[in-house]
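Single-letter residue listing:
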Protein chains: 2
Amino acid sequence: MTALIALDWGTSALRAYRLAANGTVTARRELPHGIMKLPDAPNRLMSFRLAFDLACADWLAADPACPVIASGMIGSAQGWQPAPYLPAPCDARQLAEQLTRVDVDDQRCFYIIPGVQQTNLLPEVMRGEETQVFGAITGDERLRDVQASGRKSLIALPGTHSKWVSVTQGKIDRLRTFMSGELYDVLRHHSILGLTMQPPETPDWQAFAEGIRVARQQPGNLLGSLFSVRTRLLCQQLSPQQQPDYLSGLLLGNELAIALDGISADTDITLIGSQPLCQRYQRAMAIFECRNPVYIAPGAAEQGMWQVARYASLVA
Amino acid sequence: MTALIALDWGTSALRAYRLAANGTVTARRELPHGIMKLPDAPNRLMSFRLAFDLACADWLAADPACPVIASGMIGSAQGWQPAPYLPAPCDARQLAEQLTRVDVDDQRCFYIIPGVQQTNLLPEVMRGEETQVFGAITGDERLRDVQASGRKSLIALPGTHSKWVSVTQGKIDRLRTFMSGELYDVLRHHSILGLTMQPPETPDWQAFAEGIRVARQQPGNLLGSLFSVRTRLLCQQLSPQQQPDYLSGLLLGNELAIALDGISADTDITLIGSQPLCQRYQRAMAIFECRNPVYIAPGAAEQGMWQVARYASLVA
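Residues numbered from 1 in each chain as written. Chains lettered and ligands numbered in written order. Predicted model: local features only at pLDDT ≥ 70, side-chain atom pairs only at ≥ 80, totals over all residues. Heavy atoms only, no water.

### Some words on the nonpolar core
Core analysis: the largest hydrophobic core is formed by 81 residues, its most contacted members being Trp164(A), Leu183(A), Leu226(A), Trp164(B), Leu183(B), Leu226(B) and Met285(B). Here Leu226(A) is in contact with Leu187(A), Leu193(A), Leu247(A), Leu250(A), Met179(B) and Leu183(B), once residues within four sequence places are set aside. (Core = buried A, V, L, I, M, F, W, Y, C linked by side-chain atoms within 4.5 Å. Buried < 20%, exposed > 50% of the residue type's maximum accessible area, 1.4 Å probe, protein only. Contact = heavy atoms within 4.5 Å.)

Right under this line is the structure:
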């Protein structure tokens, strides 16, 4: 019997999980129907409904009373229904108290988990990452221990917009966003830097390390160092196959210089996300001579949704 | 009688000047035939010839012995014929000694002025800007005086790739490139930041100043502040019409933080380029509380080419 259906509904993908009463995943699906890639239908609401049905209508038909919970961009202004942002610091229980109910039709509904925001000089927002962070803390023994001890966990979620989230005593207390992934994409595909690039067969770690090294030597000089992707080709210091990883190193090196600034050496750092990208970050930190322990935790959106659903008494 | 035909031949435009024996311009033309926008022809060489003819065939037919000189990307690997880069420090006389001759056909030829490079940790290159710099020094009395006194001139050429060139005693001794203009374009047209932007009717100087202010308060944190273009919209601190100038301010502020770092207060700064863009930079420097005197000099490619042609004895 199904206890919960959990939808990790982002910009480009919709991942659906079926969980049993003990919290284990009994089925999963990945659909290419993020909120910016919905299936065709006469209007946007019908597109959302169609994606919802493709994700879980059969599971729900088999267990009509089963609750459905969702996290991610589905709660944004471009999503199905806007869900609030809770101000940091906040914990998983507070998220559970502010679920947004969406009626799919007369019979069915689901609940969207709020995002988290921070309103400093430069405001920060996230949707979905907060749930992954709480899922990782629930699911990872080491992270649980760090949190129980009162120490800070620094959790990085690399991606199009990398998020760095710091968590103390189970509360998210700071978040920062770096557009490194998107900047890499737009520079590679739409700028002069990409014109000469050739994809390497395997990542060129030497060129990557060189990019990191330049970023470390000239912290804060991203604008002034980007052009070296081109000039080092002209001066035969880089090949067209090396340009992509050199650019990646420059961007990650700049991100790390900011994100790691002022972090004490006993703060442990956890990476959540795709394995190759997390390993790239781990490698970057080693080249950066970052002396903190760095771990990779499995992506944990479904664990986070399970946790929030329990706090919200959607599951026993 | 025409003494010189000068071609300022860049990536997107081809500007042609006809100069009399006293160095004054007697005719000018602007064609949209930069090396990346050549007119259609059966092959690339014929496209170059066609653009050349459109620019100056009639002037040359009237004065067949008149020399033709060119500067800019026409001497790059993607140009008509590769011209060398001279290492900085170098002056206009040295450029004149290294012209590259291009035969247009059996009767006609022209000469390309070399670019300038710098081979430090991060190599730098330019083509065309060196000629504008020398032209400005020749044409601008104040710049001539600064150079004659032995002081340093810092000359900025804002654009897609902004160049900052320092000149002492008539020699270019340092150059730096900032991709601020191209970054603005790719972020505006190809990133999530551009999705919500609306063009303002007139520049929003308040939003621009706010971008500069953030860049000043968080020097070096470009990667971490870019996302605020989006979050400040979400938090209603910026309107869609304000986003473009806020982004422009962030980028220019980051450029200035690097370019002005360590510059002594008596170094005067000259801007060369389009009037609106130079005025934007001037405004940015004022908000930046830059205490250096900042001037705008007229674009001076044709003056620079005249100067080099004289040193090369192409003109009397």
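### Focus: the sheet that holds strand 8 (residues 115-118) of chain A
Paired through backbone hydrogen bonds, the strands of a sheet run either parallel or antiparallel to each other. Residues and elements named next belong to chain A. With mixed pairing, the three strands of this open sheet are ordered in space as 5-8-9. Where the open sheet ends on each side, the last strands, each with one partner, are strand 5 (85-87) and strand 9 (124-126). Here the strands of the sheet are splayed against their neighbours by 25 degrees on average, with no regard to which way each runs. Sheet topology places strand 8 next to strand 9; three bridges connect them, and they run antiparallel. By the bridge assignment, Gln 118 is partnered in strand 9 with Glu 124. (Pairing = 2+ DSSP bridges. Helix = DSSP H or I, 4+ residues; strand = E, 2+ residues; numbered from the N terminus. Axes fitted to C-alpha atoms, helices over the stretch in contact; angles between N-to-C directions.)

### Notes on the interface of chain B and chain A
In this complex, chain B contributes 48 residues to the contact, which on the side of chain A involves 48 residues. Taken together, both faces of the contact between chain B and chain A bury some 3,800 Å²; the carbon and sulfur share is 72%. Counting across the chain B and chain A interface gives zero salt bridges. For the pair chain B and chain A, the number of links is five residue pairs in polar contact (both at pLDDT 80 or more). Residue assignment for the side of chain B that touches chain A shows that the elements contributing at least two residues are strand 9 (124-126), strand 12 (171-178), helix 5 (180-190), helix 6 (192-195), helix 7 (205-217), helix 8 (222-225), helix 9 (228-234) and helix 10 (243-259) of chain B. Ranked by the residues each element gives to the side of chain B that touches chain A, the list is headed by helix 5 of chain B, at six residues. (Buried area = accessible area lost by both parts, 1.4 Å probe. Salt bridge = Lys/Arg side-chain N within 4 Å of Asp/Glu carboxyl O. Polar contact = N/O pair within 3.5 Å; in protein donor to acceptor, adjacent residues only side chain to side chain.)

### A few points about the packing of helix 5 of chain B against helix 10 of chain B
Residue and element names in this part refer to chain B. Running from N to C, helix 5 and helix 10 point in directions that differ by 150 degrees, and their axes come no closer than 10 Å. Classified by the angle between their axes, helix 5 and helix 10 sit roughly antiparallel to one another. Both helix 5 and helix 10 take part in a crossing whose hand is right-handed. Across the interface between the two elements, Ser 180, Leu 183, Tyr 184, Leu 187 and Arg 188 of helix 5 pack against Pro 244, Leu 247, Ser 248, Leu 251 and Glu 255 of helix 10. A class-by-class count of the residues in the contact of helix 5 with helix 10 yields six nonpolar, two polar and two charged. (Parallel < 35°, antiparallel > 145°, perpendicular 65-115°, else oblique. Left-handed = near helix turned anticlockwise from the far one by under 90°. Nonpolar A, V, L, I, M, F, W, Y, C, P; charged D, E, K, R; others polar.)

### Quick look at the side chain of Thr100(A)
Of note, Thr100(A) is situated in strand 6 (residues 100-103). If we skip the residues at most four places from it in the chain, Thr100(A) touches Gln81(A), Pro82(A), Ala83(A), Pro84(A), Phe110(A), Tyr111(A) and Ile112(A).

### Observations regarding the sheet that holds strand 9 of chain B
Residue and element names in this part refer to chain B. What the three strands build is an open sheet, ordered 5-8-9; its pairing is mixed. The open sheet has two edge strands with one neighbour each: strand 5 (85-87) and strand 9. Between one strand and the next, the sheet's axes are offset by a mean angle of 25 degrees, whatever the strand orientation. Direction of pairing for strand 5 relative to strand 8 (residues 115-118): parallel, over a ladder of three bridges. By the bridge assignment, Pro 87 is partnered in strand 8 with Gln 117.

### Points about the confidence of the model for chain A
Per-residue confidence for chain A gives a mean pLDDT of 95; residues scoring 70 or more make up 100%. As scored by the predictor, the complex reaches a pTM of 0.93 and an ipTM of 0.92. (pLDDT = per-residue confidence, 0-100.)

### Looking at the side chain of Asp268(A)
Relative to the assigned elements, Asp268(A) resides in strand 13 (residues 268-272). Residues contacting Asp268(A), with those up to four places away along its chain left out, are Arg142(A), Val146(A), Arg151(A), Lys152(A), Ser153(A), Leu154(A), Pro293(A) and Tyr295(A).

### Some remarks on helix 12 (residues 301-311) of chain A
All names here are of chain A. With eight of eleven residues buried, helix 12 lies mostly within the body of the structure. Its buried side turned inward, helix 12 meets strand 1 (2-9), strand 2 (14-20), strand 3 (25-31), strand 4 (68-71), helix 2 (92-96) and helix 3 (129-139). Backbone geometry just downstream of helix 12 places Ser 313 in the positive-phi region, at approximately 60 degrees.

### Some details on the relation of the copies chain B and chain A
Of the transformation superimposing chain B on chain A, the axial component is 0.0 Å and the angular component is 180 degrees, with the fit at an RMSD of 0.0 Å. In the structure described here, the two chain copies are related by an operation that fits a two-fold rotation axis. Considering only C-alpha atoms, the residue of chain B closest to the rotation axis is Gly220(B), which sits at 1.7 Å. A symmetric contact is evident, with 100% of the interface residues of chain B recurring at the interface of chain A. (Least-squares fit on C-alpha atoms with pLDDT ≥ 70 in both.)

### A short note on the environment of Leu154(A)
Residue and element names in this part refer to chain A. Here Leu 154 is to be found in strand 10 (residues 152-157). Put simply, Leu 154 and Phe 48 are 106 residues apart on the chain and 35 Å apart in space, counted from C-alpha to C-alpha. Setting aside anything within four residues of it in sequence, one finds Leu 154 in contact with Trp 164, Val 165, Ser 166, Ala 259, Ile 263, Thr 267, Asp 268, Ile 269 and Thr 270.

### Examining helix 10 (residues 243-259) of chain A
Between its terminal C-alpha atoms helix 10 of chain A stretches 24 Å, which fits the 24 Å expected from 17 residues at 1.5 Å a residue. Of all 17 residues that make up helix 10 of chain A, 16 are buried, and the element is covered over most of its length. (Expected span 1.5 Å × (residues − 1).)

### What about the state of the cysteines?
Summed over the entire model, instances satisfying the criterion amount to zero disulfides over all chains. Of all cysteine sulfurs, the one in Cys66(A) lies closest to Cys56(A), which takes part in no disulfide; the gap is 8.6 Å. With a relative accessible area of 0%, Cys56(A) lands in the buried category. Residue Cys235(B) stays outside any disulfide, its sulfur separated by 15 Å from that of Cys90(A), the closest cysteine. (Disulfide = S-S within 2.5 Å.)

### Here we look at the pattern of salt bridges
Pairing between side chains becomes possible if they bear opposite charge and their charged atoms approach one another. Residue and element names in this part refer to chain A. Within this structure, the stated rule accounts for 28 salt bridges over all chains. Note that Asp 8 is salt-bridged to Arg 15, the shortest N-O span being 3.6 Å. By relative accessible area, which is 29% here, Arg 15 ends up partly exposed. We note a salt bridge from Arg 280 to Asp 245, for which the minimum N-O separation is 2.9 Å. One end of the pair, Arg 280, is in helix 11 (residues 275-287); the other, Asp 245, is in helix 10, with 35 residues separating them in the sequence. There is no split in this pair, since Arg 280 and Asp 245 are both buried. Linked by salt bridges that have partners in common, Asp 8, Arg 15 and Glu 30 make up one network.

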